[in-house]
Amino acid sequence: MRRSLLFLPGNNPNMLINGNCLGSDAIIFDLEDAVAPNEKDAARILVRNTMKYMDLRGCERIVRINSTDTPYWKEDLDTVVPCQPDVILLPKTGSATDVLLVDGYLRALEEKWGMAENTVALMPLIETAMGVENAFAIATAAERVCALFLGAEDLTADLQCKRTKEGKEIFYARTRLVMAARAAGIAVYDTPFTDVNDDEGIWEDAAFAKALGFSGKAAISPRHVEAINSQFSPAQSDIDYAYEVLDAIALAKEQGKGAISLRGKMIDAPIVTRAQQTIAMAKALGLGREEEA
Amino acid sequence: MEIKKSATAGTMESSDVYVEIEPGAGTVEITLESVVKQQFGEAICAAALDVLAQQQITSAKVHIVDRGALECVLRARVETAAKRGGEEV
């Protein structure tokens, strides 16, 4: 389950050691934008040690390495992969070629360290116009690609427009990435809400991302985690309805009926699929039916 | 590895540790400033010595200013300082 993904600066011990207490489903150890060039070496060793020695149970461990157009990315992977992070977040992914470059390097490291192939998943961070245009090719470039991730700050710089709270300038990119990811059968994550002092705005932004079809949303502040988790968790009414749908389908099967309606609406395949997804999420959150616990 | 020049790593921020390393006179000497020196001084120095041993460093002067760092942070900063000041032999 990956509703919220919290960025933590990779060279900040105070943030790193408390990472799994901040409520997010995933932690992103950031070796890229949060770390000055002269501290890249320090950050990768600190992140490695945090993963190696800290019990971060309950939190997925993602490492944002430096992009492949920098001199740092290989050493980032050399240092962190032996600790088996769950996911590598690859910034500035512009094409399938970028994915394949890192995929190949990861495969070699997995073999070197005796890990099964594709043990470490890859999440391309789409933050350029080229990346948006190539979204589906990126999403399907390698088996280890588990999700797409939208980065709006760099994207709007590439688009030569202003980044706004309203987000009209990234609407196309958002829906394009959702479409590409879903067509590829993988998850997709929305860009962080960058006003850390706007406690209401994050709820609206997270709700909008959910409505567009995102699987979850990134955060740059622990203050945003609650809103994201809440918006990406099914409401109790949704869970109840989902069980009603599946109960109705089961009853229809027993009665040999081919079609059934519930609350005046015909239940067709997409409704059943959504109900199954809702129940799966509910169970993961411990909100399933008591008898299923 | 041999320490060839002075180097530092870490910061004076809470939960971090500041490490200074320079070439030694044939042995590893560690000096420590820490508010918990009495309780944990021995363990801090032992961890630092272990990291230096893993890097095969036999001569160095190390000054550690502890700001409440966990062992994994201390180990990371000592390793970073050693690599910044060292050269493979």
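Everything that follows concerns the structure shown earlier in this document.
Along each chain, numbering runs from 1 in the same order as the chain's sequence is written. The order in which chains are written sets their letters, starting at A; the order in which ligands are written sets their numbers, starting at 1. For a predicted model such as this one, the threshold for reporting local features is a pLDDT of at least 70, and the threshold for listing and counting side-chain atom pairs is 80 or more; totals across whole chains, interfaces and linings nevertheless cover every residue. Based on all heavy atoms of the structure, the side-chain values leave hydrogens and waters out of the count.

**Student:** I keep staring at the pairing of strand β3 (residues 60-64) of chain A and nothing clicks. Help me out?
**Tutor:** Along a regular strand, successive side chains alternate from one face of the sheet to the other. All names here are of chain A. Within β3, 5 of the 5 residues are buried, which leaves the element mostly enclosed by the surrounding structure. A two-sided burial pattern is seen for β3, the buried positions comprising E60, I62 and R64 on one face and R61 and V63 on the other. With 5 bridges joining them, strand β2 (residues 26-30) and β3 adopt parallel strand pairing. Across the sheet, the residue bridging to A26 is E60, located in β3. Place the viewer so that the strands point away; then a crossover is right-handed whenever the path from the first strand over the helix to the second strand goes clockwise. Each helix is a run of DSSP H or I of at least 4 residues and each strand a run of E of at least 2, with the numbering of both proceeding from the N terminus. A crossover connection joins β2 to the parallel β3 through helix α2 (residues 40-53); in handedness this β-α-β unit is right-handed. A crossover links β3 with its parallel partner strand β4 (residues 87-90), the connecting element being helix α3 (residues 73-80), and its sense is right-handed. With a 1.4 Å probe rolled over the protein chains alone, any residue whose accessible area is under 20% of its type maximum counts as buried; one over 50% counts as exposed, and the rest are partly exposed. Pairing between strands is defined by DSSP: at least two bridges between them are needed.

**Student:** What is the right way to read the nonpolar core from this model?
**Tutor:** Side chains that are nonpolar tend, in soluble globular proteins, to be buried together. For the purposes of this section, nonpolar cores are sets of buried Ala, Val, Leu, Ile, Met, Phe, Trp, Tyr and Cys residues that join through side-chain atoms within 4.5 Å. Formed by 85 residues in total, the largest nonpolar core has its most connected members in V63, L77, I88 and L148 of chain A together with I21 of chain B. Element by element, the count of residues in this core is highest for helix α2 (residues 71-85) of chain B, at 7 residues. We call two residues contacting when some pair of their heavy atoms lies within 4.5 Å. When sequence neighbours within four positions are dropped, the list of residues in contact with L77 of chain A reads I65, P82, I88, V102, Y105, L106 and L109 of chain A. Listed in part, the 16 residues of the second largest apolar core include L5, F7, I28 and L89 of chain A.

**Student:** What is the right way to look at the packing of aromatic side chains in this model?
**Tutor:** Aromatic ring pairs: the centre-centre distance and the angle between the two ring planes describe each pair. All names here are of chain A. Each aromatic pair joins two rings of Phe, Tyr and Trp (for Trp, the six-membered one) with centres within 6.5 Å, and gets the label stacked for planes under 30 degrees apart, edge-to-face for over 60, and tilted for any other angle. Going through the model one piece at a time under the given rule, you end up with 3 aromatic pairs over all chains. Plain terms: the ring middles of F7 and F149 are 6.0 Å apart, the flat faces sit at 70° to each other, and that makes the pair edge-to-face. Pair noted here: F7 is in strand β1 (residues 4-9) and F149 is in strand β6 (residues 147-150), with a separation of 142 residues, a long-range link. Accessibility classification places F7 together with F149 in one group, the buried group.

**Student:** Teacher, can you tell me more about the sheet that holds strand β4 (residues 28-33) of chain B here?
**Tutor:** Either a parallel or an antiparallel arrangement is found when strands of a sheet pair, and the pairing is made through backbone hydrogen bonds. All names here are of chain B. Ordered by their spatial adjacency, 4 strands build an open sheet running β2-β3-β5-β4, and the pairing between neighbours is mixed. Looking at the sheet topology across the chains shown, the edges are occupied by β2 (7-9) and β4. The sheet shows a mean angle of 15° between the axes of neighbouring strands, taken without regard to direction. For helices, the fitted line uses only the C-alpha atoms of the stretch in contact; every axis is such a line through C-alpha atoms, and the angle between N-to-C directions lies from 0 to 180 degrees. Sitting on the sheet, helix α1 (residues 37-54) touches β3 (17-22), β4 and β5 (60-66), and the angle it makes with β4 is about 145°. In the packing of α2 onto the sheet, contacts are made with β2, β3 and β5, and the angle to β2 comes to roughly 155°.

**Student:** Sorry if this is basic, but what is going on with the interface of chain B and chain A here?
**Tutor:** How big an interface is tends to be expressed through the accessible area that disappears when the partners come together. Counting from both sides, the interface comprises 13 residues of chain B and, opposite them, 14 residues of chain A. When chain B packs against chain A, close to 1,200 Å² is buried across both sides, 58% of that on carbon and sulfur atoms. We define a salt bridge as a side-chain nitrogen of Lys or Arg found within 4 Å of a carboxyl oxygen belonging to Asp or Glu. Applying the counting rule to chain B against chain A returns 3 salt bridges. Linking E79 of chain B and R48 of chain A is a salt bridge whose minimum nitrogen-to-oxygen distance equals 2.6 Å. Partitioning the side of chain B that touches chain A into residue classes produces 4 nonpolar, 3 polar and 6 charged. Put simply, buried area is the surface a 1.4 Å probe can reach on two separate parts but cannot reach once they are joined, added for both. Any residue that is not Ala, Val, Leu, Ile, Met, Phe, Trp, Tyr, Cys, Pro, Asp, Glu, Lys or Arg is counted as polar, Gly included; the first ten are nonpolar and the last four charged.

**Student:** So what exactly am I meant to see when it comes to the packing of helix α8 (residues 171-184) of chain A against helix α9 (residues 201-212) of chain A here?
**Tutor:** Pairs of packed helices are described in terms of their axes, by the angle between the two and the distance that separates them. Residue and element names in this part refer to chain A. Here α8 crosses α9 at 45°, and the two axes come no closer than 10 Å. Put simply, α8 runs oblique to α9. Across the interface between the two elements, F171, R174, T175 and V178 from α8 touch D205, F208 and L212 from α9. In terms of residue class, the contact of α8 with α9 is built from 4 nonpolar, 1 polar and 2 charged. Working definition: roughly parallel below 35 degrees, roughly antiparallel above 145 degrees, roughly perpendicular at 65 to 115 degrees, and oblique for all remaining angles.

**Student:** Looking at this structure, I do not really get the sheet that holds strand β8 (residues 216-219) of chain A. What am I missing?
**Tutor:** As summarised here, the arrangement of the 8 strands in space is β1-β2-β3-β4-β5-β6-β7-β8 (chain A), forming a closed barrel in which the pairing is parallel. Ignoring strand direction, the axes of neighbouring strands in this sheet form an average angle of 25°.

**Student:** Explain the packing of helix α11 (residues 236-254) of chain A against helix α12 (residues 269-284) of chain A here, please?
**Tutor:** Residues and elements named next belong to chain A. Direction vectors running N to C along α11 and α12 enclose 125°, while the axes themselves pass 9 Å from each other. The angle between α11 and α12 falls in the class oblique. Judged by the sense of rotation from one axis to the other, the crossing of α11 with α12 is left-handed. Every residue of α12 that contacts α11 at D238, I239, Y241, A242, Y243, V245, L246 and I249 is listed here: I271, V272, A275, Q276, T278, I279, A282 and K283. Grouping the constituent residues of the contact of α11 with α12 by class yields 12 nonpolar, 2 polar and 2 charged. Working rule for handedness: look at the near helix, and if it is turned counterclockwise from the far one by less than a right angle, call the crossing left-handed; if clockwise, right-handed.

**Student:** Teacher, can you tell me more about the side chain of E127 of chain A here?
**Tutor:** All names here are of chain A. Structurally, the position occupied by E127 is in the loop between β5 (121-126) and α5 (129-133). Overall, the relative accessible area of 3% leaves E127 in the buried class. For this analysis, a polar contact is any N or O atom pair within 3.5 Å, provided that within protein one partner can donate a hydrogen and the other can accept it, and provided that sequence-adjacent residues contribute only side-chain to side-chain pairs. Side-chain polar atoms of E127 contact the backbone nitrogen of K92, separated by 2.8 Å. If sequence neighbours within four positions are ignored, E127 has contacts with P91, K92, G151, D154 and L155.

**Student:** I'm lost on the layout of surface pockets in this one. Help?
**Tutor:** Taking a probe equal in size to a water molecule and rolling it over the atoms shows the remaining empty space. Of the two site types, the cavity is a set of points on a 1 Å grid over the protein atoms alone where a 1.4 Å probe fits but cannot get out, and the pocket is an open set with protein on both sides within 12 Å along at least five of seven lines, each lined by residues with an atom within 4 Å of a point. Grid points are joined across faces, edges and corners, and a volume is the space filled by probe spheres set on the points. Approximately 820 Å³ is the volume found for the largest pocket. When residues in the lining of the largest pocket are grouped by element, the largest group, 9 residues, is from α12 of chain A. Grouping the amino acids of the lining of the largest pocket by side-chain chemistry returns 12 nonpolar, 7 polar and 7 charged. By volume, the second largest pocket amounts to about 390 Å³. Together, 18 residues line the second largest pocket, and I45, R48 and T79 of chain A together with E79 and K83 of chain B are the ones closest to its centre. Elements represented by at least two residues in the lining of the second largest pocket include exactly α2 and α3 of chain A together with α1 and α2 of chain B. In terms of residue count, the dominant contributor to the lining of the second largest pocket is α2 of chain A (7 residues). Among the residues forming the lining of the second largest pocket, the class breakdown is 4 nonpolar, 5 polar and 9 charged.

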